[in-house]
Amino acid sequence: MNLVISGKNLDITEGLRSAVEEKIGKLERYFTDTTEVHVTLSTEKNRQKIEITIPMKGSIIRAEEVSSDMYVSIDLVEEVIERQLRKYKNKLIDKAQNAAHLNQEFIDEEAYEEEEINIIRSKRFAMKPMDPEEACVQMELLGHSFFVFRNSETEEVNVVYKRKGNTYGLIEPEY
């Protein structure tokens, strides 16, 4: 497992680097030597945030934690990633391409009890073509944090979503 540690608005001190390597290094038993684990530490005001992204073929394992102390955030995010791995282990292994990044000992380990995904509501609606700006207005009118629409320029299904600071994001498919 290769750790790639970076900082935003923060210098990575030797203490932080060793804390990340020690805590996140515990995840090494789950991955092969070639798996890259991207760790980003950032700070805004009194918020100490750590983000971990582990790209795998066909999916991404990701977690972030925020607290007033970076070392607490590091502890919390390690637990979240470990829980995600155990929870989705069977699903990752079922998709053979994803299992290539997982350590064989972890794959062979006794299965974790899988929580059943229970969809409690399904919704259908007509999607009239519109541009992304119109979709943002529609999302605001509905009071939602995201909106699915057919882009009138590309004829593809897109998603607009609300971001922090009253900004918007657009998700477009890539083939």
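Residues numbered from 1 in each chain as written. Predicted model: local features only at pLDDT ≥ 70, side-chain atom pairs only at ≥ 80, totals over all residues. Heavy atoms only, no water.

Observations regarding the pairing of strand S6 (residues 146–151)
The line we're drawing: At least two bridges found by DSSP between two strands are what make those strands a pair. Put simply, DSSP H or I for four residues or longer makes a helix, DSSP E for two residues or longer makes a strand, and each gets a number counted from the N terminus. With the strands pointing away from the viewer, any crossover whose connection runs clockwise from the first strand over the helix to the second is right-handed.
Pairing of strand S5 (residues 129–130) with S6, which is carried by 2 bridges, proceeds in the parallel orientation. Considered in S6, the bridge of Met130 is made with Asn151. Taken together, S5, helix H5 (residues 132–142) and S6 form a β-α-β motif whose crossover is right-handed. In terms of strand pairing, S6 meets strand S7 (residues 157–163) through 5 bridges, oriented antiparallel. Counted as the bridge partner of Phe147 is Val160 from S7. Counting the residues in the hairpin turn of S6 and S7 gives 5 residues, including Glu155, whose phi is positive at 65 degrees.

Thoughts on the confidence of the model for the protein
Counted only if it meets this: Note: pLDDT gives the predictor's confidence per residue, expressed from 0 to 100.
On average, residues of the protein carry a pLDDT of 83, and 83% of them reach 70 or more. Ranking the elements of the protein by mean pLDDT puts helix H3 (residues 96–99) last, at 50, and S7 first, at 94.

Here's the deal with the environment of Val66
Where we set the bar: Pairs of residues are marked as contacts when any of their non-hydrogen atoms sit within 4.5 Å.
Tracing the backbone shows Val66 in strand S4 (residues 59–67). On a C-alpha basis, the gap between Val66 and Thr43 in space is 9.2 Å, while along the polypeptide they are 23 residues apart. Every residue in contact with Val66, bar those within four places of it in the chain, is listed here: Arg47, Gln48, Lys49 and Ser73.

Observations concerning the sheet that holds strand S2 (residues 36–44)
Within a beta sheet, neighbouring strands are joined by backbone hydrogen bonds and run either parallel or antiparallel to one another. To be explicit about the condition: Under this scheme, a helix contributes an axis fitted over its contacting stretch, all axes are lines through C-alpha atoms, and angles between N-to-C directions fall in the 0 to 180 degree range.
Read from one edge to the other, the open sheet built from 4 strands follows the order S1-S2-S3-S4, with strand pairing classed as mixed. In the strand order of this sheet, the two ends are held by strand S1 (2–8) and S4, each with one partner. In this sheet, neighbouring strand axes are inclined to one another by 15 degrees on average, regardless of whether the strands run parallel or antiparallel. With 7 bridges connecting them, S1 and S2 associate as parallel partners. Across the sheet, the residue bridging to Lys8 is Ser42, located in S2.

Quick word on the nonpolar core
What counts here: Nonpolar core, defined: a set of buried Ala, Val, Leu, Ile, Met, Phe, Trp, Tyr and Cys residues in which side-chain atoms within 4.5 Å join the residues together. Relative accessibility decides the category of a residue: with a 1.4 Å probe and only protein chains considered, values under 20% of the type maximum give buried, values over 50% give exposed, and everything between is partly exposed.
In this structure, Val39, Leu41, Ile50, Ile52, Ile54 and Ile81 are the most contacted members of the largest nonpolar core, which totals 24 residues. The set of elements that each furnish at least two residues to this core consists of helix H1 (14–24), S2, strand S3 (47–56), S4 and helix H2 (70–94). The dominant element in this core, judged by the number of residues it contributes, is H2, at 6 residues. Excluding residues that lie within four positions of it along the chain, Ile81 makes contacts with Leu27, Ile52, Ile54, Ile61, Arg62 and Ala63. In terms of nonpolar packing, the next biggest core, distinct from the first, is built from 7 residues, Ala135, Cys136, Phe147 and Val160 among them.

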